[in-house]
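Descriptive structure summary
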Amino acid sequence: MEFTEETVTDFESRLSEVIELYQHRIHWLLQDSRKVFGVIKGTKVGLLVDVSHLSYGPRLLDFQKNLLCLIDEQLCYKKQLYCLSFSTEISPLWESPKTINVHVLHEVRQWIQELEPGQGCNLLKALRHVLPMKELNCLVLIVGSCPDQSFEILCDYVQQCTLGRKVQIHTVTYDCSNPASLTALKNLAEAVRGCYHCYSSKGENCDSSDFNVLLQESQKAKDLLKSIKQTFQRRVGSLLDSKTADVSTAFANTEPSSFFPKPPKHKGPLVIQTPGILAKTSADWLKTYGLKAKKLDLYQVLAPNAFSPVEDFVPILQKTVSSTLHEKVMMQFEWYDGTVKNIHVDLPVLYSYQKLLAKMVRIYERRIDWLSVASRRIWGTVCERRVVILVDISVTNSTYISHIQHSLRLLLEEQMSDKDHFNIIAFGSDIVPWQQELLPSQPENLEKAWRWVLSLECKGSRNFMSALRRAVEVDFKDKDKYKSQGLYLLTTGIPDQETHTISAYVAEACGGFDLQLHVCLFSVRKGTDPSGIIPARYANPMETANAFKEIVQATKGRFHWFGEAGIFESDDITSIISEMEKAKNYSQKCAFLVESLKQRSVNQSVKLLTPKGHSNVLMRNEGKKNQKVPSSKPTAVLKDIKDNHGAERNTPVRIVAWRPPSARAGIPPAQTINSQNEHKGKHKARKQAELSVSVFYTEEGRNVGTIYQRYPKAVHVRKSVCSVTLPKEEEICSSKEGVVKHLQLHPKELETYTEQLEKVLQRYIQRVQWLLSGSRRLFGTILEANVCVLIDTSGSMSPYLPSVTKELTSLIWEQLRKNEARFNLLRFAENIESWKEYLVEATDGSCHDAVQWASTYHAHGTSCILAALQKALSFQGVKALYLLTDGKPDTSCSLILKEIEELIKKQDIKIHTICFSCADRGAVEFLKKLASQTGGRFHCSSGGEDGQLAAHRILTEGLDDEDNPVFPYFEGDDLKKLTQEVAKARSFLKQAKSWRLLLENWNTNQKDDSGFQKSVQD
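Residues numbered from 1 in each chain as written. Predicted model: local features only at pLDDT ≥ 70, side-chain atom pairs only at ≥ 80, totals over all residues. Heavy atoms only, no water.

1. Details of the overall build of the protein chain
This is how it is decided: Strands here are runs of E lasting at least two residues and helices are runs of H or I lasting at least four, both read from the DSSP assignment and numbered beginning at the N terminus. Burial here depends on accessible area, computed with a 1.4 Å probe over protein chains only, as a share of the maximum for the residue type. Under 20% is buried, over 50% is exposed, and the range in between is partly exposed. Contact definition: two residues touch when any of their heavy atoms are within 4.5 Å.
Broken down by element type, the protein chain carries 30 helices and 34 strands. Put simply, the protein chain has 1018 residues, and 45% of those count as buried. Sequence-distant contacts in the protein chain: of pairs separated by 6 or more residues, those separated by 24 or more amount to 77%.

What follows is the structure, given as structure tokens:
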């Protein structure tokens, strides 16, 4: 296409006018009430004001002043208005929306002036009150603190209430420093397609949906104008009037950051502070204040009262005997090494210990709060004595140069004054050092460094490798002569160079020296590169974080990841949280010990109270009411009751000899008591009816009741009863748990049972062989029709990757193709790569393609299991994941379990885990928990060859001997359950055959005895 010069000139002129128009609009948005609350749309407005963040004094007055300005400038022109203030409770001004007039505006102004601070921010309750009002078409939410409810709850409720309605949601965060509040309200507005506005009286944060749209449009216009200039290579000002050309050129060269409000006194001199405490990493801090350092480890506390079970071999019994005395009087507790010890529980000691744990948790919380404020929120703790700061000033950071400068200002003011030497190196495509060598951290040098920082301009890409080499080879050229040296990198994206190249260089340069590299990653909002230049490398935030983690691990440094919403991840904070989780775990174990002790005390003790005539003792006499009951034989129970008769009610607790087998009251067999005469005389006393007493436990508490009953004289009747003759010798008997039972067995029954058991056992062993053959040996059995297979290709998998690829090929053809499953493959290390973006039918062509893709695997980096699982769970229609790995993930195991639990709640997907090596017990336990949590199965490939050999020997050598040969111990769920059943079946088979042999011997002996008797009689 060809354009005349006049056409191009006209287009440039119009484009310059549009850019100038955007500029005026931006300045207009940053004035008056629009700067504080944004532009309120809609004609019927509901105003919801949070008063939980207010306090009496200037802050309240400023807020009221801004609200009055909003009324006078914007809301007075609307048709209807509804006002409500809320904290824990809501306080509406009217019952329904009012048509705006002079009287209504006067009431609103008076209501604003009478606002008072409250407690809590119950935003959900306010929304429940206002959203049912159908006449409102705009809701303005002014919030100054974090809502009591989560973003998900608020979003779901608003979406349900606004379904089918045109309601504009306008959220405003007013002078709020809580990152959680900013993120929640911004996400809420975006989820319901509303507007958001963020205001800070200090000018540090200013964000608005209207403002961002204008910036994006102006950026497009600037890029287009630059493109036209580069294409035609001429001066715009020669054909345009001078004013338009000056405006367009000036605006095109203006940094977007100039539109953002800067912090107050941004260019003022530094206010240098002297740190009051010595900076330490959390790992070093825990060496002094950790649970183990404070001797608050649970096993340290229990050790003086812990005793190992006593077990010894008794020659006369020919077996090993263990002592049960401690088990009866002490609590059994699993020790840290997996053994079980008998613990004497000292309740006062445990109560005191739990109080100390709570105190330590509060100390850890204060440490986390301290790490989350001021310059530590951005840089973490700067601990070394000699420090070099590497600052990323690539062109992608143009929008955030004021943020970067402010971050450096905070660092110079708060943490650098007590260091020995420092330097700052800025890098884009080129390296710009502040000084050619390290200088002392004196106030005048810090001020000079700050002035130099203010002059920085963003340009080029991220040539991190050159900056790193310059720092190591120039600033730290004498690194072997000094200790406590550190490099601190502040960046927003992935470097130009490959991660493994940087990791290798850092490991070699810092290895053997007291020099660490720490990374502070600043995650910015998603957007386009202001300069229009595509960076040398691109990665999403998670991939960028994983890359820098690998680099940091090479020097044993620390990783700190933060953004506008707060801290996302920090090694310092993670260490403290881990210690808090350990304290919580110890507290739970203490509570378990105390509860178990109380439960044992309840089960072992029966409290006897003095019997009462109307409740526990029921007298049933056939004679007169005043007739005296004859005394009974001194049984254990009656003797106890007799001893307690007339005693005080606070008699010590006694243990009775009989206890019902269940918690319900029961009556034991009656005991006959022969009466005795009270009066001694010459005449023989008349024989009385026998008296029976029954003892039972009442329903209330553990009280004992008795029933006395007279029975008539027994009548004796002679009757012949056929007797049952038991074997004199107990040849045919069974003993289980100490109880001996006589069995009536027939040889035919035992023979049938043995045959059936042998068939079942053969089927079990054949299934074991089947599970240990083909791709099932490594991957187990694929049961679902829609699956995704995740393969770990981290550096630790390098020796095993060829065999894994071979087995994966077998899996594709043997199971997936044969079962016609829909599947996908995904490999993960430091990065994630999927074969397809969706599940694919297992056809011959797709299987060939999958095998070819799998053959390109190569091992490198770490294992980002969480990101891989999140990616796999996003595939539509997937029903199961098969995760193969050989070790722990690179992130917290508890974090992965928690995140996966939240994801699985929304969809019914099972995760089957496969451990390539069972040597790492931590990894095995993590994979077992992950599979169990999602309803999946755990599989471990070790022991396959030994299992095949054992199965072959059992089938060829016989099934009788349960001790030889035996299967190896399998960790996987399928093989473990199956081999347990095999062992149980072999035990039953051996027992059945021994009974059969015993029965045959007994029958033979009976025949010999009968033949001997006949010969004697003859």
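This is not the end of the story, as more comes after the structure.
2. A look at the sheet that holds strand 13 (residues 340-343)
Keep this limit in mind: One requirement defines pairing of two strands: DSSP has to find at least two bridges between them.
Reading across the sheet, the 3 strands line up as 9-13-12 and stay open at both edges, with antiparallel pairing between neighbours. Of all strands in the sheet, those with a lone pairing partner are strand 9 (306-307) and strand 12 (331-334), marking the two edges. Sheet topology places strand 9 next to strand 13; 2 bridges connect them, and they run antiparallel. For Phe-307, the partnering residue across the bridge sits in strand 13 and is Asn-342.

3. A few points about helix 13 (residues 347-371)
Just so we agree on the cut-off: In this analysis, the expected span of each helix is defined as 1.5 Å times one less than the number of residues it contains.
Over its 25 residues, helix 13 extends 36 Å from the first C-alpha to the last, a length consistent with the 36 Å expected when each residue adds 1.5 Å. By the burial criterion, the buried members of helix 13 are Leu-350, Tyr-353, Leu-357, Met-360, Tyr-364, Arg-367, Ile-368 and Leu-371.

4. Thoughts on helix 18 (residues 499-510)
Note the following rule: Read the arc as the range of directions from the helix axis to the C-beta atoms.
Taking 1.5 Å as the rise per residue, helix 18 with 12 residues should run 16 Å; its terminal C-alpha atoms sit 16 Å apart, in good agreement. When helix 18 is considered as a whole, its buried residues turn out to be Thr-499, Ile-502, Ser-503, Tyr-505, Val-506, Ala-509 and Cys-510. What you see down the axis of helix 18 is that its buried residues fit within an arc of 165°, all on one side. Exposed and oriented more than 90 degrees from the buried face of helix 18 are His-500 and Glu-508. Buried residues belonging to helix 18 abut helix 17 (464-475), strand 19 (515-523) and helix 19 (541-554). Positive backbone phi, at 85°, marks Gly-512, one or two positions downstream of helix 18.

5. So, the pairing of strand 28 (residues 786-792)
Two faces make up the sheet, and in a regular strand the side chains alternate between them. Rules: Look down the strands so they point away from you; if going from the first strand over the helix to the second traces a clockwise path, that crossover is right-handed.
Burial within strand 28 is extensive, with 7 of its 7 residues counted as buried. Neither face of strand 28 is exposed, since Asn-786, Cys-788, Leu-790 and Asp-792 on one face and Val-787, Val-789 and Ile-791 on the opposite face are all buried. Sheet topology note: the strand 28/strand 29 (residues 822-828) ladder contains 7 bridges and is parallel. Across the sheet, the residue bridging to Ile-791 is Arg-827, located in strand 29. Regarding the hand of the β-α-β motif, the stretch spanning strand 28, helix 24 (residues 801-817) and strand 29 is right-handed. Where strand 28 meets strand 32 (residues 880-885), 5 bridges bridge the pair, whose relative direction is parallel. Counted as the bridge partner of Val-789 is Tyr-882 from strand 32.

6. Some thoughts on the packing of aromatic side chains
Formally: The criterion for an aromatic pair is that two Phe, Tyr or Trp rings (for Trp, the six-membered ring) have centres within 6.5 Å, with stacked assigned to planes under 30 degrees apart, edge-to-face to planes over 60 apart and tilted to the rest.
This structure, assessed with the given rule, holds 14 aromatic pairs. Centre to centre, the rings of Phe-37 and Tyr-174 are 6.3 Å apart; their planes meet at 15°, and the pair counts as stacked. Taken together, the positions of Phe-37 in helix 2 (residues 32-37) and Tyr-174 in strand 6 (residues 168-174) put the pair 137 residues apart, joining distant regions of the chain. We note that Phe-37, like Tyr-174, is buried. Geometrically, the ring pair formed by Phe-823 and Trp-835 is stacked, given 5.3 Å between the ring centres and 25° between the ring planes. Taken together, the residues Phe-823 in strand 29 and Trp-835 in the loop between strand 30 (832-834) and strand 31 (840-841) connect sequence positions 12 residues apart. The residues Phe-823 and Trp-835 share a single accessibility class, namely buried.

7. Observations concerning the packing of helix 3 (residues 58-73) against helix 4 (residues 102-113)
How two helices sit against one another is set out by the angle between their axes and by the gap between those axes. To keep things clear, this is the line we draw: Fitted lines through C-alpha atoms give the axes, limited to the stretch in contact for helices. The angle between two N-to-C directions lies from 0 to 180 degrees. Angle categories are assigned with fixed cut-offs, so that under 35 degrees is roughly parallel, over 145 is roughly antiparallel, 65 to 115 is roughly perpendicular, and the rest are oblique. Two helices that cross are described as forming a left-handed crossing if the nearer one is turned anticlockwise from the farther one by less than a right angle, and a right-handed crossing if clockwise. Residues were grouped as follows: Ala, Val, Leu, Ile, Met, Phe, Trp, Tyr, Cys and Pro as nonpolar; Asp, Glu, Lys and Arg as charged; and all remaining residues, including Gly, as polar.
Close contact between helix 3 and helix 4 brings their axes to 9 Å; oriented N to C, the two are set at 165°. Considering the angle they form, helix 3 stands roughly antiparallel to helix 4. As helix 3 packs across helix 4, the resulting crossing turns out to be right-handed. Contacts from Gln-64, Leu-67, Leu-68, Ile-71 and Asp-72 in helix 3 reach Leu-105, Val-108, Arg-109, Ile-112 and Gln-113 in helix 4. Here the residues of the contact of helix 3 with helix 4 are counted per class, giving 6 nonpolar, 2 polar and 2 charged.

8. Focus on the confidence of the model for the protein chain
Applicable threshold: pLDDT is a residue-level measure of predictor confidence that goes from 0 to 100.
Mean pLDDT over the protein chain works out to 76, with 75% of the residues at or above the 70 mark. Within the model, the stretch residues 234-261 combines pLDDT values under 50 with 48 contacts to residues more than four positions away or in other chains.

9. Observations concerning the packing of helix 27 (residues 893-906) against helix 28 (residues 921-933)
Helix 28 packs onto helix 27 with a crossing angle of 10° between their chain directions and a minimal axis gap of 11 Å. With respect to each other, helix 27 and helix 28 are oriented roughly parallel. Note on element contacts: helix 28 touches helix 27 through Phe-926, Lys-929, Leu-930 and Gln-933, opposite Cys-893, Ile-896, Leu-897, Ile-900 and Glu-901.

10. Considerations on the nonpolar core
Put simply, the rule reads: Nonpolar cores are built from buried Ala, Val, Leu, Ile, Met, Phe, Trp, Tyr and Cys residues. Side-chain atoms within 4.5 Å join them into one set.
Residues Trp-379, Ile-389, Leu-412, Phe-422 and Ile-424 are the most contacted members of the largest nonpolar core, which totals 33 residues. Elements represented by at least two residues in this core include exactly helix 14 (376-379), strand 14 (386-392), helix 15 (401-414), strand 15 (421-427), helix 16 (443-454), strand 18 (485-491) and strand 19. Element by element, the count of residues in this core is highest for helix 15, at 6 residues. Not counting residues up to four positions away in its chain, the partners in contact with Leu-412 are Leu-270, Phe-422, Ile-424, Leu-446, Ala-449 and Trp-450.

11. Remarks on the environment of Glu-384
Counted only if it meets this: Here a polar contact is recorded for every N or O atom pair within 3.5 Å, except that within protein the pair must consist of a potential hydrogen donor and a potential acceptor, and residues adjacent in sequence are included only if both atoms are side-chain atoms.
Structurally, Glu-384 is set in the loop between helix 14 and strand 14. Under the relative-accessibility criterion, Glu-384 is labelled buried at 6%. For Glu-384 and Lys-483, which are 99 residues apart along the polypeptide, the C-alpha to C-alpha distance reads 8.4 Å. Leave out the neighbours within four places in its chain, and Glu-384 touches Lys-419, Ser-484, Gln-485, Gly-486, Tyr-488, Gln-516, His-518 and Arg-558. Reaching out from Glu-384, the side chain makes a polar contact with the side chain of Tyr-488 at a distance of 2.6 Å.

12. Observations regarding a positive patch on the surface
For clarity, the cut-off: Within this analysis, patches are made of residues with over 30% relative accessible area and no salt bridge. Like charges are joined at 9 Å or less; nonpolar side chains (Val, Leu, Ile, Met, Phe, Trp, Tyr) at 5 Å or less. A 1.4 Å probe and the Shrake-Rupley method give the accessible areas. Residues count as covered only by the protein chains that appear here. By definition, a salt bridge exists where a carboxyl oxygen of Asp or Glu is found within 4 Å of a side-chain nitrogen of Lys or Arg. The convention is simple: Lys and Arg are positive, Asp and Glu are negative, and His and the chain ends are not counted. Every charge is mapped to an atom, namely NZ of Lys, CZ of Arg, CG of Asp or CD of Glu.
A cluster of basic side chains, namely Lys-294, Lys-359, Arg-362 and Arg-366, defines a positive patch on the protein surface. You can see Lys-294 is positioned in the loop between helix 10 (282-289) and helix 11 (298-302).

13. Quick notes on the pattern of salt bridges
Under the defined criterion, the tally for this structure stands at 26 salt bridges. The residue Glu-833 makes a salt bridge to Arg-827 at a minimum N-O spacing of 2.9 Å. Given a relative accessible area of 37%, Glu-833 falls into the partly exposed group.

14. Some remarks on unusual backbone geometry
For Asp-32, which is not glycine, the phi torsion reads 55° and is therefore positive. In this structure, Asp-32 sits in helix 2. A positive phi is found at Lys-295, a non-glycine position, where the angle reads about 60°. Following the sequence through the fold, Lys-295 ends up in the loop between helix 10 and helix 11.

15. Digging into the side chain of Ser-407
Mapped onto the elements of the fold, Ser-407 is located in helix 15. Take Ser-407: its relative accessible area is 8%, and that puts it in the buried class. At a separation of 2.8 Å, a polar atom in the side chain of Ser-407 contacts the main-chain carbonyl oxygen of His-403. Every residue in contact with Ser-407, bar those within four places of it in the chain, is listed here: Ile-378, Trp-379 and Leu-490.

16. Side note on the pairing of strand 6
Burial runs high along strand 6: 6 of the 7 residues are buried. Sheet topology note: the strand 5 (residues 138-143)/strand 6 ladder contains 6 bridges and is parallel. Paired with Cys-138 across the strands is Gln-168, a residue of strand 6. For the crossover that starts at strand 5, traverses helix 6 (residues 151-161) and ends in the parallel strand 6, the hand is right-handed. Bridge count between strand 6 and strand 7 (residues 195-199): 5 bridges; the pairing is parallel. Bridge pairing in strand 7 links Thr-173 to Cys-198.

17. Quick word on the side chain of Ser-441
Of note, Ser-441 is situated in the loop between strand 17 (439-440) and helix 16. In this structure the side chain of Ser-441 is engaged in a polar contact, spanning 3.5 Å, whose partner is the backbone oxygen of Met-416. Filtering out sequence-adjacent residues up to four positions away, Ser-441 remains in contact with Met-416, Ser-417, Lys-419, Asp-420, His-421 and Phe-422.

18. Notes on the environment of Val-789
For Val-789, the location among the structural elements is in strand 28. When the C-alpha positions of Val-789 and Ser-834 are compared, they lie 9.9 Å apart, and in sequence the two are 45 residues distant. Contacts of Val-789, omitting those with residues within four sequence positions, involve Phe-779, Leu-808, Leu-811, Asn-824, Leu-825, Leu-826 and Tyr-882.

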